[in-house]
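The lines below spell out each chain.
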Amino acid sequence: MARGETRLDQPKADRALLPRPHYDPEAFGRFSEAIARFIGTARFLVIQTFIVIVWVLWNIVFPDGHDLNFDPFPFIFLTLALSLQAAYAAPLILLAQNRQADRDRISLEEDRAQYSRALAEAEFLAREIASVRIALGDVATRDFIRSELRDLVGEITESRATADES
């Protein structure tokens, strides 16, 4: 085989030109869930509303050529900041929802398995109860034995009475 030729019967070696960043998907998922949980609170809405009001008032109070006025009236920078926040919030919320859906699916599978086990146990107990009922049907009860004994005592008494008469 000539130098530089690749063999088709062997896997091609990975040639990473640049090292890829490594991140822990579980840690990133927990981080995204924490952010999604915070974004969905009233505290976040109050804080964001306060920041927007302060931002707008700050840039309205100081006149246009003043150094402290950093975002004049159409508030382009505020719009950019809120758009950037929304651009990051939406995927983080979707990631948190996907993780919750995975947890729900696992929980559902566990519930189904537990339900199947409970159903099998209930069916087993129903069969056991049916077999006990059948077995009890063959067992003589106390009342049945008393009535049979009364009948036998009556027959013995009658046979003695007929034997004494003869």
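Reading guide: rules and limits
Residues numbered from 1 in each chain as written. Predicted model: local features only at pLDDT ≥ 70, side-chain atom pairs only at ≥ 80, totals over all residues. Heavy atoms only, no water. Patch = residues over 30% accessible without salt bridge, like charges linked within 9 Å, V, L, I, M, F, W, Y side chains within 5 Å. Areas by Shrake-Rupley, 256 points an atom, 1.4 Å probe, with all protein chains shown as cover. Salt bridge = Lys/Arg side-chain N within 4 Å of Asp/Glu carboxyl O. Lys, Arg positive; Asp, Glu negative; His and termini not counted. Charge placed at Lys NZ, Arg CZ, Asp CG, Glu CD. Helix = DSSP H or I, 4+ residues; strand = E, 2+ residues; numbered from the N terminus. Buried < 20%, exposed > 50% of the residue type's maximum accessible area, 1.4 Å probe, protein only. Polar contact = N/O pair within 3.5 Å; in protein donor to acceptor, adjacent residues only side chain to side chain. Contact = heavy atoms within 4.5 Å.

Q: Give a description of a negative patch on the surface that names residues and reports values.
A: There is a patch of like negative charges on the surface, built from E148, D151, E155 and E158. Within the secondary structure, E155 sits in helix 4 (residues 142–165).

Q: Go over the pattern of salt bridges, please, and point to the residues and values.
A: Across all of its chains, the model carries six salt bridges by this definition. Among the salt bridges present, the one from E26 reaches R99, with a minimum N-O distance of 3.1 Å. Taken as a pair, E26 in helix 1 (residues 25–39) and R99 in helix 3 (residues 76–138) lie far apart in primary sequence, 73 residues in all. Look at E26 and you get partly exposed, because its relative accessible area is 41%. The salt bridge partner of R99 is E33, with a shortest N-O separation of 3.1 Å. With R99 in helix 3 and E33 in helix 1, the pair connects residues that are 66 residues apart, well separated along the chain. One exposure class covers both R99 and E33, and it is buried.

Q: Explain the side chain of N59 to me, and be specific about the residues and the numbers.
A: For N59, the position within the fold is in helix 2 (residues 42–61). Owing to a relative accessible area of 4%, N59 belongs among the buried residues under this scheme. A distance of 2.8 Å separates the side chain of N59 from the backbone oxygen of W55, its partner in a polar contact. Every residue in contact with N59, bar those within four places of it in the chain, is listed here: N69, F70, D71 and F75.

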